[in-house]
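What the coordinates show
In case you want the letters, here they are:
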Amino acid sequence: MGEYRYDHRTVQGFILSAIFWGVVGILVGLLISIQMWAPAANLTPWLAFGRLRPVHTNGLAFGLGVGAIFGLSYWVVMRLARRPLVFPRLARVQLWLFNLGIAAAAVSLLAGKTQSLEYAELEWPLDVAIVVLWVMFAVNVFATIVKRREEQMYVSLWYVIATVIAVAVLYLVNNASIPAGWWKSYHAYAGVNSANVEWWYGHNAVGFVFTTPILAFFYYFLPKATGLPIFSHRLSIVSFWSLVFAYLWTGAHHLIYTPLPDWLQTLAIIFTIFLIAPSWGSVVNGYYTVGADWSKMRSQYLTKFFVLGITFYGLQTVQGPTQALRTVSQLIHYTDWVPGHVHMGTMGWVTMIVTASMYYVVPRIWGTEIYSERIANLHFWLVLVGQLLFSITMWITGIQQGALWKVTNADGSLKYSFMDGLVKNYPYWHTRTLAGIIFAAGMLLFVYNVLKTIQKGKALEASQRPAPAPAAA
Amino acid sequence: MAGEIYKKPISFALLATVTVLVGSIVTMAYPMLRPDFHPRLEGLRPFTALQLAGRDVYQREGCMGCHTQTVRPLRSEVVRYGDYSKAGEFYYDRPFLWGSKRTGPDLAREGGKRPDGWHLKHYADPRSVTPRSNMPRYAFLAEAKLDPEEVASHMRALHLPHGPEEIAALAQRTEMDALVSYTQWLGHAVQRRQPAAGAVDLAAANPLGDSPHAVARGNQVFLDNCTACHGDEGHGVPDVAPNLLDDVFLGVKGDVPDGAYFALISGGSDAKAAIGRKGLESGGMQAYGGQIPNDDIWAVISWIRAQQAHERKEPPLMEKAEHPPGASPGRTP
């Protein structure tokens, strides 16, 4: 452990930061889910739904998501390069800057400083900070990989490299803006062009924050946790290249039936359907890997996190392309179906893999075992039930909403007013809050388990420290 | 694929960069060069300073989290909101505010649909006009004065035309005024679809007459759709919408046949010209043609006629005793 010690503290720092922002993001999510059915819960202008929603999405995408990406990627890169980070102090600075940045981001969003671009809400001073952070990350990742002591680069490193590159390109292009003061700017692109650039970015933010890095962790931690080698190296090669190629063509599927030219919509739909193949390449690879010994589902508590996680990834990557079809899109787009879809990916796939990876890493930093497998199992079931209840409820209400909007009378007039449709959502929105509470309870157990494991590790370290030498007589 | 690439991180990174750039260039960069990505409709007006300030408020409060601004070319959608959105309507939109979720209705065709008074009331307390709405209250906007210098700097950043008087006048306006002004700007560049109004004989008599069934149905339709602006009993709401029970119709004394009522309800304010009465300049009756069945529109007219008859029978004093001021009638949502 000795030579990696310093870097491991940085990894742990990112993991704990990610967990902290994750809890904040989840609690904000609970509050806005209540605001959906109880408008009195919009307490002040700063705590109204419109401002809190981006705090929820940014808190979880950038706080939990990117925090976990920084920490777990460093762990994976160090291990696969067989060497410590080349610039450990830079990583330390990056950790502090990250937390300052996320805190400032949260406050700025509450104050209503927003570019109004989904997943790119942060105003330009924070965009600059994020670019600096990303450059720090890229420098350390590339330097450590270039100076590695293992000739072959394993699959996870491919995904980390692709993540670093793609996020940089996406972020720089979409955040180009015309500043109009310190905390106000206007998109460099207008109208249809603005929409196209934003959803090219928006969809690929999902692709390169919620997919490729998570796949990097999946390919690394699944074999590590189970002791089973990845089923097919060739399949992972094909999946990787086809995924990173096809993803960038699909943004316009968020703009079906908008004024965006039809050819772009159609092109996006085609590539979106194609994406099922590379996505399922990884799903199949995951299943066959564990398929070598299914008893691991029983004997190794982390296995079920990975298997269920990749299962939801598989469902997500079939449901998503289905939604891109015009026939389906016209029914469910703009309804609650979409949050149902998004939350299957984030609650089912991303948090399953990220929390399992953290369960793997944290005890190893301290040379100990997880504090409680029982709590980890309970966490698993709560998170699973909470997510399913959330997603399924939202799919049902989404279909109902979409249908009510379309129903007409015999003379061609609309059968339901907008409000008729809205009030029918209320029972489902109540259920969603309940689902969120169940999910949040599971995540709090996870946090408790991690903190207890660190406490245990610290106690162990203290007990192993050689007693101070008695003063010479 | 040569296995060597997995041993050479620099080559690998370059290849990965090229791989992600192909789709980006075809679907994101290349379209920027095409003229159909920068179209501008003939009638599109740039934002005034007040409207841009309102748009800034719209962005700041995250309105696009719950409201879209793009009508899809689907039949039910065109009936509900108005003509489908055109690329050329968004020339000045930086960024686009099409949104991705309709917790509330689409707003692309909101401009001119309702009077300013309705919006002021609705923004201050949405449930005062739509009882079961889940929209937050934005009453605080009416307290917030605009900062002319700040708005001017935003106008300059976007190279939008503006004059010194226009900027100076902002000092007297609030963020609420700005938001309402922006709301009324939405969708102005596209001619509102002429609903069936033209086909209606203005002199036609109500086919449902005064049947008790029609009056009862009309009462229900009125409660569902009209009370927000015209009050529970049709007496109107000051600064929002006129009394329906007096003998003034569209600002002119003297009643009109049922057919004219139908034309106005069905076609909204756009039907005023056909009826030949100007009404209020700022009036913004929305078109209900297609929103509700034609029979329901006739039923509402049956109910209005019954109310008018009731009003004529009751001396004003008795009416006052029946509804003492301050005792607001209960309303079922």
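On a predicted model such as this, the values are computed, not experimentally measured, just so you know.

Observations regarding the overall build of chain A
Scanning chain A for helices and strands turns up 17 helices and two strands. For 473 residues, the compact-globule estimate of 2.2 N^0.38 gives 23 Å, and chain A sits close to it at 23 Å. Dimensions of chain A, computed from the C-alpha atoms along their principal axes, are close to 105 × 55 × 45 Å. Across the 473 residues of chain A, 64% fall into the buried class. Relative to all contacts within chain A whose residues are 6 or more apart in sequence, the contacts with residues 24 or more apart total 83%. Just so you have it, chain A exposes about 16,800 Å², and 70% of that area is on carbon and sulfur atoms.

A short note on the pattern of salt bridges
Residues and elements named next belong to chain B. Enumeration according to the criterion identifies 25 salt bridges over all chains in this entry. In this structure, the salt-bridge partner of Glu4 is Lys7, at a minimum N-O distance of 3.6 Å. Given the relative accessible area of 41%, Glu4 is considered partly exposed. With a closest N to O distance of 2.7 Å, Glu110 and Arg114 form a salt bridge. Under the relative-accessibility criterion, Glu110 is labelled buried at 5%.

What about unusual backbone geometry?
In this structure, the amide linkage connecting Arg94(B) to the following residue, Pro95(B), adopts the cis form with an omega of -10°. The backbone of Tyr119(A) shows a phi angle near 70°, a positive value even though the residue is not glycine. You will see that Leu250(B), though not glycine, has its phi angle at about 50°, which is positive. Its place among the elements puts Leu250(B) in the loop between strand 1 (248-249) and strand 2 (252-253). When its relative accessible area of 18% is taken as the criterion, Leu250(B) is described as buried.

What about helix 5 (residues 148-157) of chain B?
Every buried residue of helix 5 of chain B is listed here: Val151(B), Ala152(B), His154(B), Met155(B) and Ala157(B). Residues of helix 5 of chain B that are buried sit in contact with strand 1 (177-179) and strand 2 (185-187) of chain A together with helix 2 (49-60) and helix 6 (164-169) of chain B. Where helix 5 of chain B begins, the side chain of Asp147(B) points an oxygen toward the backbone nitrogen of Glu149(B), at a separation of 3.1 Å. A positive phi of about 55° marks His159(B), the residue just after helix 5 of chain B.

What about the side chain of Thr227(B)?
Position of Thr227(B) among the secondary structure elements: in helix 9 (residues 227-230). A polar contact of 3.2 Å, which involves the side chain of Thr227(B), links it to the backbone oxygen of Leu223(B).

Regarding the interface of chain A and chain B
Counting residues at the interface gives 92 residues for chain A, matched by 83 residues for chain B. Between chain A and chain B the total buried area reaches about 7,400 Å² when both faces are included, carbon and sulfur atoms providing 66% of it. Among the residues chain A hides against chain B, the three largest losses belong to Tyr186(A), Trp241(A) and Tyr334(A). Together they make up 11% of the total. Summed over the shared surface of chain A and chain B, the result is three salt bridges.

Here's the deal with the side chain of Gln94(A)
You can see Gln94(A) is positioned in helix 3 (residues 88-110). Overall, the relative accessible area of 0% leaves Gln94(A) in the buried class.

Overview of the confidence of the model for chain B
Per-residue pLDDT for chain B has a mean of 89; in total, 91% of the residues score no lower than 70. Both scores are available for the predicted complex, with the pTM at 0.92 and the ipTM at 0.95.

Overview of the environment of Ala189(B)
Residues and elements named next belong to chain B. You can see Ala189 is positioned in the loop between helix 7 (175-185) and helix 8 (212-225). Under the relative-accessibility criterion, Ala189 is labelled buried at 18%. For the pair Ala189 and Lys86, spaced 103 residues apart in sequence, the C-alpha to C-alpha distance is 9.5 Å. Setting aside residues no more than four positions away along its own chain, Ala189 makes contact with Leu41, Gly43 and Leu44.

Cut-offs and rules
- Residues numbered from 1 in each chain as written.
- Chains lettered and ligands numbered in written order.
- Predicted model: local features only at pLDDT ≥ 70, side-chain atom pairs only at ≥ 80, totals over all residues.
- Heavy atoms only, no water.
- Helix = DSSP H or I, 4+ residues; strand = E, 2+ residues; numbered from the N terminus.
- Rg over C-alpha atoms; globule rule 2.2 N^0.38 Å.
- Buried < 20%, exposed > 50% of the residue type's maximum accessible area, 1.4 Å probe, protein only.
- Contact = heavy atoms within 4.5 Å.
- Areas by Shrake-Rupley, 256 points an atom, 1.4 Å probe, with all protein chains shown as cover.
- Salt bridge = Lys/Arg side-chain N within 4 Å of Asp/Glu carboxyl O.
- Polar contact = N/O pair within 3.5 Å; in protein donor to acceptor, adjacent residues only side chain to side chain.
- Buried area = accessible area lost by both parts, 1.4 Å probe.
- pLDDT = per-residue confidence, 0-100.

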